[in-house]
Amino acid sequence: MNHRERVLTSLDHREPDRVPIDLGGTLDSTIMAVAYRRLREHLGLGPGRICVADVYQHTALVEEDVREALGVDVLLVGDEPEAWREGTLPDGSPAAFPDRFRPERQDDGSQVVFDDGGTMVLKMPSGGHYFDPVHSPLADATTAAEIDQHLDAIRSYDTPSHLDTSYEALARKARRLREETDYLLVGFFGGHIFQASQSLRGWDTFLLDLLINRPFAEALMDRLAEANVERFQRYAETVAPYVDVIQFEDDLGMQDRPLLRPELYREVVKPYHARLFRFAKAHCEARLLLHTDGAIAPFIPDFIEMGIDIVNPVQVSAAGMDTELLKREYGDDIVFWGGGCDSQQVLPFGTPQEVADEVKRRIDDLAPGGGFVFAPIHNIQTEVPPENVVAMFETARTYGRYSG
């Protein structure tokens, strides 16, 4: 099978020749740029050109020679800048960044980003690996009218200004990749509603809103859902016809439990997710992938009911995320994309043999009958040894062959 056939067969809940493999095919199954540089060196591939489009997570765009070396079947069609500039990674090595993303280094070694009004909106602390949002524009809002004063922030949440390639240009790129390669193509859309509400309002404040200021919470999610529906209409007319899977995101889980009670989710948050996902389902033929971290097993029936085809990253170390149980309970109705190796303990701290053993366990649980795409559980972090990364993908490629 070629790459696209392999993945599509598994997405249809049938067994291909081997388990499909992803690295860099979604925004959240890739690798941090410093770790990517070390991986390239370990593979003997030379420096390449490390490009960091997702500046928040500081991940690299995976290059063709790495995809070939690791047996990757998936390619991302994600937001990119019109122009790149040269810069340096936290370890001092060179990389390219969006030209319009220009952080300022402070006296304490941190890097910060200001908006056009001079407000600090992002910060990477000295010695840090990520840019974190540090400003919630709706923190002091009390009415729906005040929400409407921040519609630009709502509409641009998933489309930062430094990633300025238009949907029309992305569509041309996706069409070319579809014609010239046999990779399965994933288009990134985002579509945050719950997480965007937390970020725009304040992470703890919005959770309180759900309990004591519900009309405000519902008004904010309504504006976000409507903005995403309007944007998806444009996406459906441009990029969507050329991709096989579209990635949505909204984190609902913590390490030991969901972020909110399932009953509260169904009563207050789910209607806005359902509006967006059902609209997307009705306006494109691509499969819908939902990235949502943590302990999210109680929500999987809701995802299925709303039309989600694929769940990612399958965080096996979170509460209730036992892969054998998940496959038995939901494997006929949803695809598991991720779950390849415990990324919190085994992958960063284990030996290559322990990584291989963990990979075999997850393949045994998730691969039977198809409905599984092997991928790291979220992005491979800076400290992960390249030997362990190679052990993970080599084991997936060799052990993941189907007997038929």
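Residues numbered from 1 in each chain as written. Predicted model: local features only at pLDDT ≥ 70, side-chain atom pairs only at ≥ 80, totals over all residues. Heavy atoms only, no water.

## Focus on the overall build of the chain
Test applied: Segments assigned H or I by DSSP are reported as helices when at least four residues long, segments assigned E as strands when at least two residues long, and all are numbered from the N terminus. Radius of gyration here is computed from C-alpha atoms only, and the compact-globule reference equals 2.2 Å multiplied by the residue count raised to the power 0.38. A 1.4 Å probe rolled over the protein chains alone gives each residue an accessible area, and that area as a share of the maximum for its type sets the label: buried under 20%, exposed over 50%, partly exposed in between. Note on areas: these come from Shrake-Rupley sampling with a 1.4 Å probe, and a residue is covered only by the protein chains present in the view. Positive: Lys, Arg. Negative: Asp, Glu. His and the chain ends are not part of the count. To locate a charge, the coordinates of NZ of Lys, CZ of Arg, CG of Asp or CD of Glu are taken.
Helices and strands together make up the secondary structure of the chain, namely 15 helices and 13 strands. A globule of 404 residues ought to have a C-alpha radius of gyration of about 22 Å, and the chain, at 20 Å, matches this closely. With the principal axes as the frame, the chain shows a C-alpha extent of 60 × 50 × 40 Å. For the chain, the residues scored as buried account for 57% of the 404 residues in total. When the accessible surface of the chain is totalled, it reaches about 16400 Å², and 48% of it is carbon and sulfur. Averaging the coordinates of the 40 positive side-chain charges in the chain and doing the same for the 68 negative ones gives two points 3 Å apart.

## A few points about the sheet that holds strand 6 (residues 120-124)
Here is the rule we go by: Strands are treated as partners if at least two bridges between them are detected by DSSP.
Judged by pairing direction, the sheet is antiparallel, and its four strands sit side by side in the order 4-5-6-7 without closing on themselves. On the outer flanks of this sheet lie strand 4 (104-105) and strand 7 (132-133), each paired with one strand and no other. With four bridges connecting them, strand 5 (residues 111-114) and strand 6 associate as antiparallel partners. Pairing of F114 across the sheet is with M120, part of strand 6.

## Some details on the nonpolar core
For clarity, the cut-off: Each nonpolar core is a collection of buried residues, namely Ala, Val, Leu, Ile, Met, Phe, Trp, Tyr and Cys, held together in the definition by side-chain atoms within 4.5 Å. Between two residues, a contact is recorded if the distance between any of their heavy atoms is within 4.5 Å.
L210, F232, I246, F248, F303, F336 and F374 are the most contacted members of the largest nonpolar core, which totals 113 residues. Counting residues per element, this core draws most heavily on helix 9 (residues 214-238), which supplies 12 residues. Sequence-distant contacts of L210, defined by excluding residues within four places in its chain, comprise F194, A217, M221, L260, L264, V268 and V269. Counting residues in each nonpolar core, the second largest holds 12 residues, with V7, V74, V245 and L289 among its members.

## Digging into the sheet that holds strand 13 (residues 372-373)
We count it as follows: All axes here are fitted lines through C-alpha atoms, helices being fitted over the stretch that makes contact, and every angle between N-to-C directions spans 0 to 180 degrees.
Pairing is parallel in the open sheet, where seven strands are placed in the order 1-8-9-10-11-12-13. With one partner strand each, in any of the chains shown, strand 1 (74-77) and strand 13 form the two edges of the open sheet. Sheet contacts for helix 1 (residues 3-11): strand 1, strand 8 (184-190), strand 9 (245-249), strand 10 (287-291), strand 11 (310-312), strand 12 (335-337) and strand 13; angle to strand 8, the most-contacted strand, approximately 65°.

## Observations regarding the environment of L170
Tracing the backbone through its elements, the reader meets L170 in helix 6 (residues 167-180). Residue classification places L170 among the buried positions, given a relative accessible area of 3%. For the pair L170 and G187, spaced 17 residues apart in the sequence, the C-alpha separation amounts to 9.2 Å. With sequence-adjacent residues up to four places away left out, L170 is seen in contact with V77, G78, D79, T165 and V239.

## Observations regarding the pattern of salt bridges
Applied cut-off: A pairing counts as a salt bridge when a side-chain nitrogen of Lys or Arg comes within 4 Å of a carboxyl oxygen of Asp or Glu.
Inspection of every chain in the model, using the stated rule, returns 33 salt bridges. Residue R37 is joined to E41 by a salt bridge in which the shortest nitrogen-to-oxygen separation is 2.9 Å. Taken together, the residues R37 and E41, both in helix 2 (residues 33-43) and four residues apart, mark about one turn of the helix. One salt bridge connects E358 with R362, and the closest N-O pair in it is separated by 2.8 Å. On the criterion of helical spacing, the pair formed by E358 and R362 is a turn pair, its members being four residues apart in helix 14 (residues 352-366).

## A few points about the packing of aromatic side chains
For any two aromatic rings, the description comes down to two numbers: the centre-to-centre distance and the angle of the planes. Note the cut-off: Paired rings are identified among Phe, Tyr and Trp, the last through its six-membered ring, by centres lying within 6.5 Å, and are further divided according to the angle between planes into stacked (under 30 degrees), edge-to-face (over 60) and tilted (the rest).
The final tally for this structure, using the stated rule, is 13 aromatic pairs. Judged by centre distance (6.4 Å) and plane angle (40°), the rings of F299 and F303 are tilted. On the basis of relative accessibility, which here comes to 0%, the residue F303 falls in the buried class. Cluster of aromatic residues (ring-pair linked, three or more members): Y167, F189, F232, Y235, F248 and F277.

## Looking at the environment of K270
For clarity, the cut-off: Polar contact criterion, stated in full: a pair of N or O atoms within 3.5 Å, where within protein one must be able to donate a hydrogen and the other to accept it, and residues adjacent in sequence count only if both atoms are side-chain atoms.
Mapping K270 onto the fold places it in helix 10 (residues 262-283). Not counting the four nearest positions on each side in its chain, K270 is found in contact with Y265, D302, E305 and M306. For K270, the side chain forms a polar contact with the side chain of D302, separated by 3.0 Å.

## With respect to the pairing of strand 3 (residues 94-98)
For strand 3, a buried count of four out of five residues is recorded, marking the element as mostly surrounded by other parts of the structure. Strand direction decides the pairing type here: strand 2 (residues 84-88) and strand 3, joined by five bridges, are antiparallel. Counterpart to W84 in the pairing with strand 3 is P98. The turn joining strand 2 and strand 3, which pair antiparallel and follow one another in sequence, is formed by five residues; a positive phi near 90° is taken by G92.

## A short note on the pairing of strand 10
Both faces of the sheet carry side chains from a regular strand, because those side chains alternate between them. The condition is simple: Whether a crossover is right-handed comes down to one check: with the strands pointing away from the viewer, does the path from the first strand over the helix to the second run clockwise; if it does, it is right-handed.
With four of its five residues buried, strand 10 lies for the most part within the structure. Where strand 9 lies against strand 10, five bridges are found, and the strand directions are parallel. Across the sheet, V245 pairs through a bridge with R287, a residue of strand 10. A crossover links strand 9 with its parallel partner strand 10, the connecting element being helix 10, and its sense is right-handed. Of the pairings in the sheet, the one linking strand 10 to strand 11 comprises three bridges and is parallel in character. The partner of L289 across the bridge, within strand 11, is I310. Considered for its hand, the β-α-β crossover made up of strand 10, helix 11 (residues 300-306) and strand 11 is right-handed.

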